Amino acid sequence: MTLVAEILVAALILIGTFFILVGSIGIVKLPDMMRRLHAPTKATTLGIGAMLIASMLYFLMIRGIPSLHELMITIFMFLTAPVTAFMVAKAHILLDRKTQEELSPTGVDVGWATLDRDAGSTSKAKAPLAAPDGQPG
Amino acid sequence: MIAIACYIAIVGISAAILLSAWRLAIGPDTLDRVLALDTLVINAIALVVVVGILYATTMYFEIAMLFAMVGFLSTVAFCKYKLRGNVIE
């Protein structure tokens, strides 16, 4: 039983190391900012997740100490990783003129919500006037 | 066996930290550096967790939790500063 737990913990540590290394290689090797944004999210979810599962199994099955700190760290990381990626992507789109010109058309008469000046919080009173046919501004 | 895996993990995560620091140094834009700093914090959390397994102490998880909080808040504050010119309006 202890041997099975040791093999499981060691395998999970090595899996986590692999994904964290892949994330950092990706952030160096990928050519573009938006493509570079993909790499650390894999490191966050799979790498840190495998590491924390390994830590929980180690302290529970080998040391006999049930610990719930790892669950808190896991929940926090899984909640904050999409917010971080969203903030970086939004700042990148709003600051880079070349990325804005490369965006595909939306197909309706309302532009991209990130870039639409009338849809922002600066002019809430003008938003119904900008979209008279019932489309959300 | 767990100790050997921990040593391999420490070497691998150190290489990952060096790669993130390389992007932090050469990144052409500010947001590249923000993203590299976020990755660096994630790698540091993994290193702290592995060291906690290696030394068999649960004391390090508070450090990992604090790293996660500070890394998230600093990334969001950097992006907010780049977008709006200040952090709290």
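Not measured: the values here are computed from a predicted model.

Description of the overall build of chain A
Item 1. When you go through chain A residue by residue, the secondary structure sums to six helices and zero strands.
Item 2. Its helices and strands taken in sequence order, chain A reads α-α-α-α-α-α from the N to the C terminus.
Item 3. For chain A, the proportion of its 137 residues judged to be buried stands at 28%.
Item 4. For chain A, restricting intrachain contacts to residue pairs at least 6 apart in sequence, the fraction spanning at least 24 positions comes to 49%.

Here we look at the interface of chain A and chain B
Item 1. Tallying the contact residues gives 46 residues for chain A and 42 residues for chain B.
Item 2. When residues of the side of chain A that touches chain B are traced back to their parent elements, those giving at least two are α1 (2-29), α2 (33-36), α3 (38-62) and α4 (69-95) of chain A.
Item 3. Among the elements that make up the side of chain A that touches chain B, the one with the highest residue count is α4 of chain A (15 residues).
Item 4. Split into classes, the residues belonging to the side of chain A that touches chain B amount to 30 nonpolar, twelve polar and four charged.

Regarding unusual backbone geometry
Item 1. In this structure, A56 of chain B takes a positive phi of about 55° despite not being glycine.
Item 2. Given 12 C-beta atoms within 10 Å, A56 of chain B falls into the exposed group.

Topic: the nonpolar core
Inside soluble globular proteins, nonpolar side chains tend to come together where they are buried.
Item 1. Membership of the largest hydrophobic core comes to 50 residues, with the highest contact counts inside it found for I13 and M51 of chain A together with I45, A46, V49 and V50 of chain B.
Item 2. When residues of this core are assigned to their parent elements, the largest contribution, 14 residues, is made by helix α2 (residues 30-55) of chain B.
Item 3. Contacts of V49 of chain B, omitting those with residues within four sequence positions, involve M51, L52 and S55 of chain A together with A64 of chain B.

Considerations on the environment of G85 of chain B
Item 1. Examined against the element boundaries, G85 of chain B turns out to sit in the segment after α3 (60-84).
Item 2. Residues G85 of chain B and L54 of chain B lie 31 residues apart in sequence; the distance between their C-alpha atoms is 44 Å.

Focus: α3 of chain A
Item 1. Between the first and last C-alpha of α3 of chain A there are 35 Å, a value that for 25 residues agrees with the 36 Å anticipated at 1.5 Å per step.
Item 2. Directly beyond the C-terminal end of α3 of chain A, a positive phi value near 75° is found at G64 of chain A.

Here's the deal with α4 of chain A
Item 1. Compared with an ideal rise of 1.5 Å per residue, which puts 27 residues at 39 Å, α4 of chain A spans 38 Å between its outermost C-alpha atoms and is within 8% of the ideal.
Item 2. The largest bend along α4 of chain A measures about 25° and falls at T80 of chain A, with the proline P82 of chain A one to four residues further on.
Item 3. Within the span of α4 of chain A, buried status applies to H69, E70, I73, M77, A81, T84, M87, V88, A91 and H92 of chain A.
Item 4. Against the buried residues of α4 of chain A lie α2, α3 and α5 (97-101) of chain A together with α2 and α3 of chain B.

Section: the confidence of the model for chain B
Atomic detail in the predicted coordinates should be set aside for any region of low pLDDT.
All names here are of chain B.
Item 1. This prediction gives chain B a mean pLDDT of 89; 100% of its residues lie at or above 70.
Item 2. Taking the mean pLDDT of every element in chain B, the minimum, 89, falls on α3 and the maximum, 93, on helix α1 (residues 2-26).
Item 3. With a pTM of 0.81, the predicted complex shows an ipTM of 0.88.

As for the packing of α4 of chain A against α3 of chain B
Between two packed helices, the angle of one axis relative to the other and the distance separating the axes together describe the packing.
Item 1. Relative orientation of the contacting elements α4 of chain A and α3 of chain B amounts to 15°, with a least axis distance of 9 Å. By the criterion of interaxial angle, the relationship of α4 of chain A to α3 of chain B is roughly parallel. Handedness of the α4 of chain A/α3 of chain B crossing: left-handed.
Item 2. Split into classes, the residues belonging to the contact of α4 of chain A with α3 of chain B amount to 18 nonpolar, four polar and two charged.

Thresholds applied
- One numbering rule holds for all chains: residues counted from 1, following each sequence as written.
- Labels are handed out in written order, letters beginning with A for the chains and numbers beginning with 1 for the ligands.
- Only residues with pLDDT of at least 70 get local features here, since the model is predicted, and only at 80 or more are side-chain atom pairs given and counted; chain-wide, interface and lining totals rely on the full set of residues.
- Every helix listed is a DSSP run of H or I at least four residues long, and every strand listed is a run of E at least two residues long, numbered separately from the N terminus.
- With C-beta atoms placed from the backbone, a residue is buried if 20 or more other C-beta atoms are within 10 Å of its own, exposed if 12 or fewer are, and partly exposed between those counts.
- Here contacts are defined at the residue level, using C-beta atoms placed from the backbone and a cut-off of 7 Å between them.
- Charged means Asp, Glu, Lys or Arg here, nonpolar means Ala, Val, Leu, Ile, Met, Phe, Trp, Tyr, Cys or Pro, and polar covers whatever is left, Gly included.
- Each nonpolar core comprises buried Ala, Val, Leu, Ile, Met, Phe, Trp, Tyr and Cys residues, the members being joined through C-beta atoms within 7 Å.
- Helix span, expected: 1.5 Å multiplied by one less than the number of residues in the helix.
- Consider a residue and the seven residues that end there alongside the seven that start there; fitting an axis to each set, the bend is the angle between those axes.
- One confidence number per residue, pLDDT, is output by the predictor and ranges from 0 to 100.
- In this description, a line fitted to the C-alpha atoms serves as the axis of each element, helices being fitted only across the stretch in contact, and the angle between N-to-C directions of two axes falls anywhere from 0 to 180 degrees.
- Just so you know how the angles are binned, under 35 degrees is roughly parallel, over 145 roughly antiparallel, 65 to 115 roughly perpendicular, and the rest oblique.
- Handedness of each helix crossing follows the sense of rotation of the near helix against the far helix: counterclockwise by less than a right angle gives left-handed, clockwise gives right-handed.

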